[in-house]
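Structure assessment
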Amino acid sequence: MCFENAAGATIILLVSQTPLMNISLKNKTVLVSGASKGVGKGIALELARLGANVAVNFNSDEAGAMETVRLIEAMGVQALAV
């Protein structure tokens, strides 16, 4: 998939039906900056899927951060917005 972002840069996204990582991050804690939206949110959700507890860092989009926290907690791991 290929698209252009707001700045006009071309973004190429490789999509796979199977997970690229099959590791366990159970009992690990990660901090993801920019996790309230976009790529940061996707990374936070994937790390949570792998079992990590996630600190969701955000700058101004508190509502987006809280939504990311909600989605992560629904996976059965801990999350907090910072």
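Please read all numbers here as calculations on a predicted model, not as lab measurements.

**Thoughts on helix H1 (residues 38-49)**
Compared with the 16 Å implied by 1.5 Å per residue over twelve residues, the 17 Å span of H1 between its first and last C-alpha is a close match. Of all the residues in H1, the buried ones are Gly40, Ala44, Leu47 and Ala48. All buried residues of H1 fall inside an arc of 100 degrees around its axis, so they share one side. Facing away from the buried side of H1 by more than 90 degrees, the exposed set consists of Gly38 and Val39. Its buried side turned inward, H1 meets strand S3 (29-32), strand S4 (53-56) and helix H2 (62-73).

**Re the pattern of salt bridges**
Counted under the stated rule, the structure contains two salt bridges. A salt bridge links Arg49 to Glu46, with the shortest nitrogen-to-oxygen separation between them at 2.7 Å. Separated by three residues within a single helix, Arg49 and Glu46 lie in helix H1, roughly one turn from each other. Here Arg49 falls in the partly exposed class, since its relative accessible area comes to 38%. For Arg70, the salt bridge identified is with Glu67, shortest N-O distance 2.7 Å. Of this pair, Arg70 and Glu67 both sit in helix H2, three residues apart, which is roughly one turn of that helix. Overall, the relative accessible area of 46% leaves Arg70 in the partly exposed class. On the accessibility criterion, Glu67 (30% relative accessible area) is partly exposed.

Procedures and definitions
Residues numbered from 1 in each chain as written. Predicted model: local features only at pLDDT ≥ 70, side-chain atom pairs only at ≥ 80, totals over all residues. Heavy atoms only, no water. Helix = DSSP H or I, 4+ residues; strand = E, 2+ residues; numbered from the N terminus. Expected span 1.5 Å × (residues − 1). Buried < 20%, exposed > 50% of the residue type's maximum accessible area, 1.4 Å probe, protein only. Arc of directions from axis to C-beta. Contact = heavy atoms within 4.5 Å. Salt bridge = Lys/Arg side-chain N within 4 Å of Asp/Glu carboxyl O.

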